[in-house]
Each structure stands twice: as C-alpha cells, then as structure tokens.
Amino acid sequence: MQMEFFPSRTLTWYLARLFVTRIFAVLLMLVMVLQVLDLLGESGDILAYPGNGQAQLFYYVTLRVPQLVARFLPYSVLLATIITLATLNQNSEVISMKAAGLSAHQVLAPLILAALVISVGSFAFNERVVTRASAMLDAWQGVKYGPIPKDSAARANLYLADGRDLMMAGSMDGTGNDIVLHNVTFYRRDDNGIITEMLRAENAPFANPGWRFENPVMFDVAKTTTSRVASVVVAPGITPAKIMISKVDADSQNIFELSRSIEAMKVAGRRTSELEAAWWHKISGPFSSVLMPLLGAVTAFGLARSGQLLIRAVIGMALGFAYFVLDNAALAMGNFGGYPPLIAAWAPFVLFALIGETVLIRTEE
C-alpha cells in the first residue's frame with residue numbers, strides 16, 4: 001500500500017477535475033430551476049409597481065442568484081460526490097485504484113482537496129457578494145420594489161419603541177445624524193397602551209433629538225378626525241444608534257460588520273446568541289462542503305455488479321441530507337439559546353465528520 005496521502009499527480013488531477021466539473025454542472029442546474037420558480041412567484045409583485053419592467057426583473061435575478069448559489073452549493077457538492085463516485089464505481093475505476101494499492105482515503109483525497117478549495121472560495125463569495133446582494137434585495141423589497149435604494153446598507157421594515165410610543169418605517173437611508181426614514185408611521189399611546197394619536201408621513205429626517213415628520217397626516221382617535229400639519233417632531237428617545245442595533249440582519253453583513261454589530265448590542269445589553277451563532281455559521285456553513293466527499297464515500301466502494309450501487313448512493317445521499325437537517329436544527333436551537341453559539345454552528349460538522357470517518361474505516365479500511 002502506498003504511504004502517501006495523495007495518489008499520483010495525474011490521478012489526483014483527473015479525480016479533482018472530474019469532481020469539480022460535476023459540482024458546477026449540478027449547481028448550474030439547481031440554480032436555474034430554482035431561480036425560474038422563484039421569479040415566477042415574485043414577478044407579480046415586481047411588475048405591480050408602476051414603471052417596473054424587464055430591467056427590474058433582470059435586476060432581481062442578479063440579486064437573487066448569489067443567494068441561491070450560497071445556499072445550494074453544499075447540496076451540489078453532495079450530489080456531485082455521489083454522481084462522480086457512482087460513475088467511477090460502475091466503470092470499475094475504483095477497483096483498479098484499490099488494486100494498485102490505494103486506500104479508500106487516498107481515493108477520496110483529491111475530492112476532499114477540491115472541496116476544501118471550493119469551501120474557501122464559497123466563504124469569500126459569501127462575504128464579498130452575497131452579503132451585499134442580500135442587503136440590496138432586503139432594502140428593495142422594503143420599498144415594495146419601488147425606486148432602487150442607492151445605499152446598499154439601507155434597512156427595511158423597522159419597528160422602534162420610544163417608551164410607550166411606537167414608530168414603524170418601511171425603509172431608511174443615510175448614516176449617523178443624516179438618517180432619513182421613509183414611509184414612517186408614529187403611534188402615540190396612553191398609560192394603558194391604547195393608541196390616542198397616529199401620524200403618517202413619507203419622510204422623517206433625524207431632528208436631533210427626535211424625528212421630524214414632514215407634512216404628516218394626523219389622526220386623532222378620540223375625536224376621529226384627520227388633519228394635516230406642516231411638520232412635527234416626535235420620538236426623542238429613538239436615536240440613530242438605537243436604530244442601527246434595532247434590526248441586525250446577519251445575512252446582509254460580512255463577518256467584520258457582524259462582529260461590530262454584536263459588540264454594539266452587547267454594550268446596549270441586548271441578547272446576541274442568535275447573531276453569534278450566525279457569525280460562527282458564516283464559517284462552518286461554507287466549509288460543510290468538505291464533509292460531502294466523506295459522507296458520500298459509501299457510494300464508491302463495493303462491487304457495482306452486486307446490485308447494491310443504488311442502495312449505496314441512497315445511503316450516501318441520506319447521510320448528506322441528514323447533516324443539513326441537523327445543522328439547521330442546531331442553528332435554530334442556538335438562536336433560542338438552547339445551545340451555545342459555537343456548539344450550534346460546529347457540533348453537526350464534527351459529529352458527521354466522525355460518522356463519515358467511522359463508516360469509511362469500518363467498511364473499507
């Protein structure tokens with residue numbers, strides 16, 4: 001048996017190239033099908049806004065495709081693993097490699113190396129492209145596919161409290177004292193929590209302190225009358241700093257921005273376990289692709305003529321999808337505080353790495 005972890009350079013390149021081409025083929029197929037289905041569901045809302053047309057539909061696709069790529073890349077790696085190893089097994093190439101003295105780990109080594117490179121690329125893609133696309137899409141959806149926000153850091157659907165009073169905004173742009181809220185509604189409540197007055201305006205810039213409603217519509221609940229005033233300042237307790245930590249979307253921030261948001265929320269005494277779990281999952285999520293060759297390895301070994309190749313492929317697929325189910329469940333438990341954030345993000349990865357390695361050793365080594 002050869003003692004090197006990798007087989008020869010020629011065989012390593014052959015297996016890696018075979019694996020990578022199938023990953024991108026499966027990913028392209030999944031993204032195309034899912035994007036068409038998603039666009040069919042959203043096109044009505046996009047075109048409902050006056051003036052929207054084909055350009056806005058294409059713009060939506062450019063924002064949605066990076067999200068689909070990030071979400072389904074690990075699935076593509078799993079399916080590509082099963083397709084590649086099943087093909088090699090069916091063509092007796094695995095038998096030839098084992099007859100040449102290669103162990104099961106050496107057969108899988110080029111696939112694991114290729115998956116590691118793809119994981120690093122996926123992490124960089126998520127941090128540089130997906131976060132920006134997610135932020136822009138959320139902001140665009142916040143204005144109901146209206147004029148496209150210029151600020152990629154714009155936030156949407158804000159819900160803010162100033163003591164008993166409430167203020168909601170469809171979207172915002174700007175930073176610091178230059179923040180402007182759009183499609184904003186303010187509810188004034190009494191000591192019993194009953195709404196006594198409602199103000200609604202298109203824009204509300206920061207008045208330092210408070211927010212200046214420009215030409216708002218005012219509704220008096222007791223008198224059931226509606227009036228319009230030039231401007232009024234409300235909610236002095238709501239500051240730009242409070243807005244910035246009121247709604248932190250982990251998918252729309254890269255790992256450095258999310259770290260700063262977590263620290264700001266800790267200083268403000270806010271609960272951060274959900275964001276910390278998301279922070280760790282930004283690393284463990286892309287690197288789950290490294291597990292897929294190990295979980296799908298059961299497809300590679302065993303005689304293809306025994307009639308069990310399909311069963312082995314189903315077992316490999318079941319192991320991979322079981323990982324995704326447990327990963328989502330652990331992340332949900334971390335969001336609720338049931339698991340520490342580090343455990344929620346990495347426990348499924350470590351568990352299935354041990355399961356895959358155990359299955360491989362006991363059956364093939």
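The structure displayed is predicted, hence computed values, not measured ones. (Residues numbered from 1 in each chain as written. Predicted model: local features only at pLDDT ≥ 70, side-chain atom pairs only at ≥ 80, totals over all residues. Heavy atoms only, no water.)

K.L.:
I tried to follow the packing of aromatic side chains on my own but got confused; where do I start?
P.N.:
Aromatic ring pairs: the centre-centre distance and the angle between the two ring planes describe each pair. According to the stated counting rule, one finds 13 aromatic pairs in the structure shown. Taking 5.1 Å as the distance between ring centres and 75 degrees as the angle between the ring planes, the aromatic pair formed by Y59 and W140 counts as edge-to-face. Linking Y59 in helix 2 (residues 54–90) with W140 in helix 4 (residues 104–142), this pair joins segments that are 81 residues apart in sequence. Relative accessible area serves as the criterion here: at 22%, Y59 is assigned to the partly exposed category. Ring geometry for Y75 and F321: centres 5.7 Å apart, planes at 45 degrees, overall tilted. Placement of Y75 in helix 2 and of F321 in helix 9 (residues 309–335) is noted, with a sequence separation of 246 residues between them. The exposure class of Y75 is partly exposed, given its relative accessible area of 21%. Given a relative accessible area of 32%, F321 falls into the partly exposed group. (Phe/Tyr/Trp six-rings, centres within 6.5 Å; stacked < 30°, edge-to-face > 60°. Helix = DSSP H or I, 4+ residues; strand = E, 2+ residues; numbered from the N terminus. Buried < 20%, exposed > 50% of the residue type's maximum accessible area, 1.4 Å probe, protein only.)

K.L.:
What am I meant to see in the packing of helix 7 (residues 273–284) against helix 9 here?
P.N.:
If you want to describe how two helices pack, look at the angle between their axes and the distance between the axes. Here helix 7 crosses helix 9 at 150 degrees, and the two axes come no closer than 8 Å. As the angle between them shows, helix 7 and helix 9 are arranged roughly antiparallel. The segment helix 7 lies against helix 9, with S273, E274, A277, H281 and S284 engaging Y323, D327, L331, G334 and N335. Counted by class, the contact of helix 7 with helix 9 contains three nonpolar, five polar and two charged residues. (Axes fitted to C-alpha atoms, helices over the stretch in contact; angles between N-to-C directions. Parallel < 35°, antiparallel > 145°, perpendicular 65-115°, else oblique. Contact = heavy atoms within 4.5 Å. Nonpolar A, V, L, I, M, F, W, Y, C, P; charged D, E, K, R; others polar.)

K.L.:
What am I meant to see in the environment of A277 here?
P.N.:
Among the structural elements, A277 can be located in helix 7. With a relative accessible area of 0%, A277 lands in the buried category. Taking C-alpha positions, A277 is 22 Å from L354, a pair spaced 77 residues apart along the chain. Excluding residues within four positions of it along the chain, A277 makes contact with L331, N335, P341 and A345.

K.L.:
What should I look at first to understand the layout of surface pockets in this one?
P.N.:
In this approach, a probe sized like a water molecule rolls over the atoms, and the result shows the empty space that is left. Estimated volume of the largest pocket: approximately 1,200 Å³. For the largest pocket, the lining is made up of 42 residues, of which A70, R71, D251, H281 and L331 are closest to its centre. Looking at the lining of the largest pocket, the elements that each hand over two or more residues are helix 2, helix 4, helix 5 (240–246), helix 7 and helix 9. When residues in the lining of the largest pocket are grouped by element, the largest group, nine residues, is from helix 4. (1 Å grid on protein atoms, 1.4 Å probe; cavity = no way out; pocket = protein on both sides within 12 Å on 5 of 7 lines; lining within 4 Å. Points joined across faces, edges and corners; volume = space filled by probe spheres on them.)

K.L.:
Would you mind going over a nonpolar patch on the surface with me for this structure?
P.N.:
A cluster of nonpolar side chains, namely F5, F6, L113, L116, V117 and V120, defines an oily patch on the protein surface of about 520 Å² accessible area. In this fold, F5 is placed in the segment before helix 1 (9–48). (Patch = residues over 30% accessible without salt bridge, like charges linked within 9 Å, V, L, I, M, F, W, Y side chains within 5 Å. Areas by Shrake-Rupley, 256 points an atom, 1.4 Å probe, with all protein chains shown as cover. Salt bridge = Lys/Arg side-chain N within 4 Å of Asp/Glu carboxyl O.)

K.L.:
Is there a simple way to explain the side chain of S134 in this structure?
P.N.:
Tracing the backbone through its elements, the reader meets S134 in helix 4. Assessed through its relative accessible area of 5%, S134 is described here as buried. Of note is the side chain of S134, whose polar atom sits 3.0 Å from the side chain of Q67. If sequence neighbours within four positions are ignored, S134 has contacts with Q67, D251 and S252. (Polar contact = N/O pair within 3.5 Å; in protein donor to acceptor, adjacent residues only side chain to side chain.)

K.L.:
Hey, could you run me through the environment of A207 in this one?
P.N.:
Topologically, A207 is positioned in the loop between strand 4 (195–205) and strand 5 (211–214). The exposure class assigned to A207 is partly exposed, which follows from its relative accessible area of 21%. In this structure, the C-alpha to C-alpha distance between A207 and A277, residues 70 residues apart in sequence, is 36 Å. Setting aside chain neighbours within four positions, we find A207 in contact with R212 and V233.

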